[in-house]
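# Secondary and tertiary structure notes
Each chain is listed here by its residues.
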Amino acid sequence: MKRVFVIVVWLGVALLGAGAFGKIAFDRGEPLNATWFVVAAVCCYLVAYRLYSAFVAAKVLALDDTRATPSERHDDGRDFVPTNKWVLFGHHFAAIAGPGPLVGPTLAAQFGYLPGTLWLIAGAAFAGCVQDFVILFCSIRRDGKSLGQMAREEVSERGGFIAQLAVLAIMTILLAVIGLVVVNALKSSPWATFTLAMTIPIALLLGLYLRFVRPGRVLEASVMGVGVVLFVVVAGQWVADSPSWSSVFTLSGVALAFAIMGYGFAASALPVWLLLAPRDYLSAFIKAGAIFTLAAGILFVRPQVLMPPLTRFIDGTGPVFAGKIFPFCFITIACGAISGFHSLISSGTTPKMILRESHARFIGYGAMLLESFVGVMAMVAACAMRPGIYFAINSPPSIVGGAGDAAAATISSWGYPLQAQTMTDLAHKVGELTLWNRAGGAPSLAVGMAQIFSSTIGGERLLSIWYHFAIMFEALFILTVLDAGTRVGRFMVQDLGGRIWKPFGRTGWMPGILLSSAIIVALWGYFLYQGVVDPLGGINSLWPLFGISNQLLAAVALVVATTILMKMGRLRWIWVTLLPMAWLVVITMTASYQKIFDANPRIGFLAYANALAAQIAAGKIPAEKIAETHRLIFNQRLDAAVTGVLAAMILVLIVEALAQWYSILSRRKEPVLHESPYVATRWAADFSGAAHGDD
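Residues numbered from 1 in each chain as written. Predicted model: local features only at pLDDT ≥ 70, side-chain atom pairs only at ≥ 80, totals over all residues. Heavy atoms only, no water.

## Quick word on the packing of helix α1 (residues 2-26) against helix α2 (residues 35-61)
α2 packs onto α1 with a crossing angle of 140° between their chain directions and a minimal axis gap of 8 Å. If you check the angle between α1 and α2, you find them oblique. Handedness of the α1/α2 crossing: left-handed. Within the contact between the two elements, α1 uses Trp10, Val13, Ala14, Leu16, Gly17, Ala20, Phe21, Lys23 and Ile24 and α2 uses Trp36, Phe37, Val39, Ala40, Cys43, Cys44, Leu46, Val47 and Arg50. Tallied by class, the residues present in the contact of α1 with α2 amount to 15 nonpolar, one polar and two charged. (Axes fitted to C-alpha atoms, helices over the stretch in contact; angles between N-to-C directions. Helix = DSSP H or I, 4+ residues; strand = E, 2+ residues; numbered from the N terminus. Parallel < 35°, antiparallel > 145°, perpendicular 65-115°, else oblique. Left-handed = near helix turned anticlockwise from the far one by under 90°. Contact = heavy atoms within 4.5 Å. Nonpolar A, V, L, I, M, F, W, Y, C, P; charged D, E, K, R; others polar.)

## A short note on the nonpolar core
In globular proteins that are soluble, nonpolar side chains generally tend to be buried together. Of all hydrophobic cores here, the largest spans 215 residues; its most connected members are Val56, Tyr365, Phe391, Ile411, Leu435, Trp436 and Trp524. Looking at this core, the element that brings in the most residues is helix α8 (residues 157-186), giving 19 residues. Residues within four places of Trp524 in sequence aside, it is in contact with Thr172, Leu175, Ala176, Ile260, Met261, Gly264, Leu482 and Thr486. If you look at the next biggest cluster of nonpolar residues, it comprises five residues, including Tyr608, Ala609, Leu632 and Ile633. (Core = buried A, V, L, I, M, F, W, Y, C linked by side-chain atoms within 4.5 Å. Buried < 20%, exposed > 50% of the residue type's maximum accessible area, 1.4 Å probe, protein only.)

## Some remarks on the state of the cysteines
Taken as a whole, this structure holds zero disulfides when the rule is applied. Not part of a disulfide, Cys129 finds its nearest cysteine sulfur in Cys44, a span of 12 Å. According to the relative accessible area criterion, Cys129 is buried, its value standing at 0%. There is no disulfide at Cys383, and the cysteine sulfur nearest it, in Cys329, is 11 Å away. For Cys383, a relative accessible area of 0% translates into the label buried. (Disulfide = S-S within 2.5 Å.)

## Brief notes about helix α5 (residues 100-108)
For α5, the buried fraction is high: nine of the nine residues fall into the buried class. Every buried residue of α5 is listed here: Gly100, Pro101, Leu102, Val103, Gly104, Pro105, Thr106, Leu107 and Ala108.

## Some points on the confidence of the model for the protein
Summing up the model confidence of the protein, the mean pLDDT is 83 and the portion of residues at 70 or higher is 92%. Low pLDDT, under 50, characterises residues 687-695; the predicted model gives this stretch 16 contacts beyond four residues in sequence or across chains. (pLDDT = per-residue confidence, 0-100.)

## Some words on a nonpolar patch on the surface
A cluster of nonpolar residues, Leu205, Leu208, Phe212 and Val213, forms a patch on the protein surface that exposes about 420 Å² of accessible area. The topology assignment puts Val213 in helix α9 (residues 190-213). (Patch = residues over 30% accessible without salt bridge, like charges linked within 9 Å, V, L, I, M, F, W, Y side chains within 5 Å. Areas by Shrake-Rupley, 256 points an atom, 1.4 Å probe, with all protein chains shown as cover. Salt bridge = Lys/Arg side-chain N within 4 Å of Asp/Glu carboxyl O.)

## A word on the packing of α2 against helix α16 (residues 359-383)
Interhelical geometry of α2 versus α16 gives an angle of 160° and a closest axis separation of 11 Å. It follows from the interaxial angle that α2 and α16 lie roughly antiparallel. Handedness of the crossing formed by α2 with α16: right-handed. Residues Phe37, Val38, Ala41, Val42, Tyr45, Ala48, Tyr49, Arg50, Tyr52, Ser53, Ala54 and Ala57 of α2 pack against Arg361, Phe362, Tyr365, Gly366, Leu369, Ser372, Phe373, Val376 and Val380 of α16.

## Observations regarding unusual backbone geometry
Residues Phe326 and Pro327 are joined by a peptide bond in cis, for which omega reads 10°. By the secondary structure assignment, Pro327 is in helix α14 (residues 325-333). A positive phi angle, near 50°, is found at Arg302, a position not held by glycine. Here Arg302 shows up in the loop between α13 (276-301) and β2 (304-305). According to the relative accessible area criterion, Arg302 is partly exposed, its value standing at 47%.

So this is what it looks like as structure tokens:
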């Protein structure tokens, strides 16, 4: 009887999700209520976790709780630490949750709400969650080894070296793009710049307080830190209203870019307890609070989704970024559906802290489902505003013709009515000088979030407070990845440099720390500066490059996962990783080819460079702009080269893997699986959570 009841309940959940999906996909009448998106997403996530992740855990991976995990075998109290699965879930989610699930869906909304929403939910369930789960399992079975190490052992030595270089190159692009998103959110905004800037001294004081004043008093330091952060959000309005102080914090895009580079260098070089740890710890509270408040706000306010399911820009002529739905919707959504960056976390700290193999399902598959849900909420927030406002905020001036009446007329001609006065009034309500041409996704998402929040608490009189809270939340969300990523990048630079000169590889040697920090910041800082001075707004070229890089890294992870499953003898279930891997290879190679060779200057890097060169030859570029134009030409050709090199490296890795697969399938050689030897756990299979911090 109980089994029948369970089946009926899950059948009801599935039917409810299918009905909500049908409403989203086929309704063409009145504007949709956002509640349908929440219902569809939650029901699909529940069914995917209950059925598909259980199938992967039992049949594909055969998780074994009698096997001791690395945290038990190597418990050292520093890196290998047995950790409560709920605590580790929070740590893992905080580490993987970067700008992708916020910015990607917001940018992809230019195609309409339907394609992005479908890919966010289906892509996560069948690709992103599978990648995170399987890579976490593989790393657990190999004492917490990194993706590069597993590629070297399981695919080939050459494949591992290529994977390591690809990770460093992809990290460089990732950090540049998230820096650009922050710049576009803060430029010419004294309120937002002041608020975010103040979080740095607050974090420093928090670190000093916990280390020297009240060691171990984490709760009281947290309460004080969050309280002061919320205070500076309000205080930012006083700064913006003060003529003298507002001029100090009103910075250009270039000035903000160099300020962010300075912050990245400090976060990489300073002791982790002084800036990085307290700032990220502080960010965790703001992240969690804003995410759950947004979810509650959507359910409470039940806003209408005003963006159509499909826009006219599915033909590739979009103002936010150029390119058709295939492949650009998939690489733009990025982290919300599948992210190669996650594989670095799933083969980083998390496998060294997990208590039991069965927890990998909850942490690896479950945390990615939560990130996908963040992406769905970001899509709702972006699509709940009037489309004309959305395009006014996200379109660069070179596309819409600047700001004011000319831009409003251009956007209205697309079929999305807009008055210039509407943008002026909205900017005034949120406490900004202007909202025109703020490409990057963050400002428009903040407007959408603020409208939902203010409809819950405070009304329009608190719209400016909510907007700048949302900007701070997004910037903290993003800078958490930037500072941690810069530090990880520094380790990569030191590791590679240490092969040439051993002292450089010592992570405790201060000259090596300073030099490697400067190198990694200079690498991503160059691309950040390129994006800031790009007439097309930077996002048009850098976000697709980021998406391609990130999805290429996911392809690397799935190549490694497929090879390991093949060596484990799981040929019957090999499609679980092989199909998403093949899909990603098709997407990324198509996008790479188009970004390099497409004849449309707004899509192809080389076409844009050639168009600029032709303008110089025809004398259409003013003399004072020629040097800047030559720099843009060089940058576009550099982007083409970077895309080509990354794609070539992945193809080489795939060839290496195919050779390995052929030898396994043809039985030319016995497959060697580089798993750690089986060691039985000292903990009983049904051990109590009180003893070891489990449930």
